[in-house]
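Analysis of the macromolecular model
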Amino acid sequence: MPTQTKSANTINYAQELLKTQTKTLLKKHNINAPIETPPENIDADLAMPTFALAKTLKKPPHIIAQDLQNSINPPKNTLIKQIKAQGPYLNFYKDNEKYTGIVLKNITSAKQNYGKKPEKKQKVMIEYSQANTHKAFHVGHIRGTSLGESLARTMKHEGYHVTQANYQGDTGAHVAKWLWCYLKFHKNETPPKKQSEKWIASIYVESVKKTTKENQKEIDKINSDLENNTDPNLTALWKKTREWSLKSLQDIYKDLDAHFDHYFFERQMETRAKEIVKDLLKSGIAKIDQDATIIDLRKYNLGIWVLLRKDGTCLYSAKDIALAEKKFKKYNIDKSIYIIGAAQSLHAQQLFKTLELMNFKNAKNCHHLSFAEVRLPTGKMSSRTGENILYTDMLEELLAYAKQEVTKRHPGWTQEEKDTSAKNITICALKFSMLNQSPNKLITFSPKEALNFEGDTGPYIQYTHARAHSILRQATFSPGSFNPALLKEKEELDLIKKLSQFPEAVTKTCEQYDPNQLTSYLLELSHDFNTFYHKHPVLKAQKELSTARLTLVQSTMQVLNNGLYLLAITAPKQM
Ligand code: ARG
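Remember, it's a predicted structure, so these values are computed and weren't measured experimentally.

What follows concerns the nonpolar core. Membership of the largest hydrophobic core comes to 113 residues, with the highest contact counts inside it found for Met 48, Ile 126, Met 155 and Phe 445. Leave out the neighbours within four places in its chain, and Ile 126 touches Gly 148, Leu 151, Ala 152, Met 155, Val 162, Thr 163, Gln 164, Ala 165, Ile 337 and Ile 339. In terms of nonpolar packing, the next biggest core, distinct from the first, is built from 33 residues, Met 269, Ile 276, Val 277 and Leu 297 among them.

Sheets are built from strands paired through backbone hydrogen bonds, the pairs being either parallel or antiparallel. Within the open sheet, the 5 strands sit side by side as β6-β5-β4-β10-β11. Their pairing is parallel. Where the open sheet ends on each side, the last strands, each with one partner, are β6 (262–265) and β11 (366–371). In this sheet, neighbouring strand axes are inclined to one another by 25° on average, regardless of whether the strands run parallel or antiparallel. Here strand β10 (residues 335–341) runs beside β11; their pairing, made up of 6 bridges, is parallel. In the sheet register, Ile 337 faces β11, and the bridge partner there is His 367. Contacting β4 (123–127), β5 (161–168), β10 and β11, helix α6 (residues 139–157) runs over the sheet at an angle of about 160° to β5. Sheet strands in contact with helix α13 (residues 345–357) are β10 and β11, and its direction is about 175° off that of β11.

The sheet built from 3 strands is open, its strands ordered β1-β3-β2 with antiparallel pairing. Strand pairing shows two members of the sheet lacking a second neighbour, β1 (46–49) and β2 (80–86), which therefore form its edges. Pairwise comparison of adjacent strand axes, ignoring direction, gives a mean angle of 20° for this sheet. Pairing geometry for β1 and strand β3 (residues 89–94), over 4 bridges, is antiparallel. Bridging from a neighbouring strand, Leu 46 pairs with Phe 92 of β3. Sheet strands touched by helix α4 (residues 61–71): β1, β2 and β3. Its angle to β2, the strand with the most contacts, is close to 150°.

With that settled, the discussion passes to the layout of surface pockets. In this structure, the largest pocket occupies an estimated 1,300 Å³ of space. Lining the largest pocket are 44 residues, and of these Asn 132, Lys 135, His 138, His 141 and Gln 344 sit closest to its centre. Put simply, the parts of the chain that give the lining of the largest pocket at least two residues each are α6, α7 (173–185), α8 (196–210), α12 (316–331) and β10. When the residues that make up the lining of the largest pocket are grouped by side-chain class, the tally is 19 nonpolar, 15 polar and 10 charged.

Around the ligand, the neighbouring residues are Glu 127, Gln 130, Asn 132, Tyr 167, Tyr 316, Asp 320, Leu 323, Tyr 338, Ile 340 and Gln 344. In this structure, Asn 132 approaches the ligand through a side-chain N or O atom, which is 2.7 Å from a nitrogen atom. Within the side chain of Gln 344, one N or O atom sits 2.8 Å away from an oxygen atom of the ligand. Protein contact buries 88% of the 350 Å² of open area that the ligand shows by itself. The set of elements that each furnish at least two residues to the shell around the ligand consists of α12 and β10. Broken down by element, the residue count for the shell around the ligand peaks at 3 residues, all from α12. Class assignment of the residues belonging to the shell around the ligand gives a composition of 5 nonpolar, 3 polar and 2 charged.

Conventions we followed
The residue numbers shown here count from 1 along each chain, following its written sequence. Reporting of local features is limited, given that this is a predicted model, to residues whose pLDDT is at least 70; pairs of side-chain atoms are given and counted only at 80 or more, and all residues count toward the totals for whole chains, interfaces and linings. Note that water and hydrogens are dropped before the side-chain values are worked out from all heavy atoms of the structure. Among the buried residues, those of types Ala, Val, Leu, Ile, Met, Phe, Trp, Tyr and Cys that are joined through side-chain atoms within 4.5 Å form a nonpolar core. Three exposure classes are used, based on accessible area relative to the maximum for each residue type with a 1.4 Å probe and protein chains only: buried under 20%, partly exposed in between, and exposed over 50%. When checking whether two residues touch, look at their non-hydrogen atoms; a contact exists if any pair is within 4.5 Å. Strand pairing is assigned whenever DSSP detects at least two bridges linking the two strands. Numbered from the N terminus, helices here are DSSP runs of H or I no shorter than four residues, and strands are runs of E no shorter than two. Note on geometry: axes are lines fitted to C-alpha atoms, helical ones only across the stretch in contact, with angles between N-to-C directions running from 0 to 180 degrees. Here a cavity denotes grid points, spaced 1 Å and computed from the protein atoms alone, that fit a 1.4 Å probe unable to get out, and a pocket denotes an open set having protein on both sides within 12 Å along at least 5 of 7 lines; residues with an atom within 4 Å of a point are the lining. Grid points are joined across faces, edges and corners, and a volume is the space filled by probe spheres set on the points. Here the term charged refers only to Asp, Glu, Lys and Arg, the term nonpolar to Ala, Val, Leu, Ile, Met, Phe, Trp, Tyr, Cys and Pro, and the term polar to all other amino acids, Gly among them. Only heavy atoms are used to decide nearness, and a residue is near a molecule or strand if one of them lies within 4 Å of it. We define a polar contact as two N or O atoms separated by no more than 3.5 Å, with the added condition that, inside protein, one atom must be a possible hydrogen donor and the other a possible acceptor, whereas residues neighbouring each other in sequence contribute only through side-chain atom pairs. Residue exposure ignores everything except the shown protein chains as possible cover, and the areas themselves are Shrake-Rupley values with a 1.4 Å probe.

This is the structure:
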């Protein structure tokens with residue numbers, strides 16, 4: 001993990017610098033209009049539309065642009081080289097040589113901190129993954145876990161204080177069902193050494209199939225005995241099986257490189273949840289209806305929210321109120337982000353509305369970052385073990401395919417090298433596919449496409465990173481001074497411009513809570529790098545030019561590395 005350095009607070013990234021200098025220049029001429037980054041097909045670097053000035057200046061916009069071009073000269077000692085009117089826009093052009101020098105200096109000196117912003121005061125908690133015990137870890141969890149881990153890393157890079165939290169359902173109806181099924185059909189069995197999560201998931205699926213009206217009473221009893229701690233043997237069994245689950249989940253989190261600063265559990269919320277429900281009854285926000293405790297939210301178009309069952313046991317809803325309270329109280333956070341599937345949107349709205357009704361002062365600081373479903377090209381995912389495809393099954397399928405690919409490319413590698421590489425590529429393919437789409441959009445996951453080294457995939461970016469490494473390995477090159485004036489080919493300038501946009505891509509990702517901003521950026525960067533590399537010799541160029549180009553290669557490698565880190569994807573040196 002990159003550490004916060006002092007320089008991150010003082011670095012002026014090139015693109016930012018150009019903007020600030022342009023704004024300052026305009027201000028000097030008493031012009032206070034917004035400046036924009038023009039679309040790719042416009043060759044200018046910044047543009048100021050003059051429409052807004054037309055009213056006060058009582059002139060048509062294109063005349064204003066023309067007048068400004070005539071009256072403003074690009075000042076020396078700035079990055080602005082030329083100012084030109086184009087229709088109703090005033091366009092600004094950078095000094096490529098100076099700009100190149102600053103961009104590459106920014107990157108080579110900040111290294112893993114390139115793109116990092118000064119520390120912000122805001123403390124944010126991101127709750128994600130939330131896999132339940134006694135149940136499967138399926139493809140939806142991969143999406144939520146990937147989103148949370150990358151957003152957390154990116155927000156840290158943007159300067160936020162971030163706490164990464166997990167909230168796992170280790171109690172409730174599904175646990176009762178599982179324990180019932182285990183006691184009835186699997187008593188004394190222990191999980192297999194390998195793929196224990198699959199065994200755990202299969203017992204849950206079996207329990208769902210075998211639940212009938214008659215045995216539901218037995219399951220309810222298990223649920224209430226467990227909650228009230230009335231049967232020591234049952235509690236002991238719950239503890240033991242819960243540990244099995246948590247251990248198997250840890251293996252998955254290790255695979256996915258997901259790290260949590262804090263784990264919350266549903267079980268820990270029950271006592272406080274019941275106290276809160278009592279208060280809600282007292283204040284008239286909740287009421288008893290047919291022996292259950294509910295909140296009537298129909299007035300707000302949010303239906304009826306049930307807090308406690310008839311037998312007094314606690315529901316998911318009530319526990320979530322206790323959780324919200326705990327997060328703000330104990331962790332002193334300013335914002336709480338819940339990364340939860342879209343299927344629970346209504347639940348999130350009911351929760352936030354209830355917090356508001358309770359006058360919970362941080363109700364408005366809770367945010368549901370909702371994400372859509374993941375499907376296979378053939379339709380909704382289904383597997384032998386349940387309605388959603390399991391992580392383990394998915395991993396196996398992808399891994400087999402990646403192993404073939406690696407063996408084809410590197411017949412000389414040892415088995416261990418091949419296995420490590422295949423696993424890296426597989427996890428990368430999986431996570432990148434989950435992130436390379438905005439959270440609110442459905443993902444149709446195609447294993448073959450995800451692993452394509454030449455497509456818009458994670459492995460393509462990893463491969464580009466490895467290629468940069470391989471070029472640098474072959475060079476006798478020590479980073480140092482280079483002549484930025486030598487980098488003047490279109491492909492070089494495009495690549496430099498792209499490199500300068502990394503800090504902005506980080507900002508956008510955080511503003512929109514959308515790592516897709518970063519994945520798109522890294523694909524474009526990889527593309528620009530490969531275009532440059534195919535067109536221009538690096539190692540074989542004349543000495544001085546070669547040094548400049550190698551600095552460009554090294555900077556690209558660094559930015560790819562930083563970007564992959566923020567996505568929580570490894571950046572192998574060889575592929
Ligand atoms: N464990 C829950 C589930 O699998 C998700 C928890 C989401 N977080 C929350 N605070 N409700 O459905």
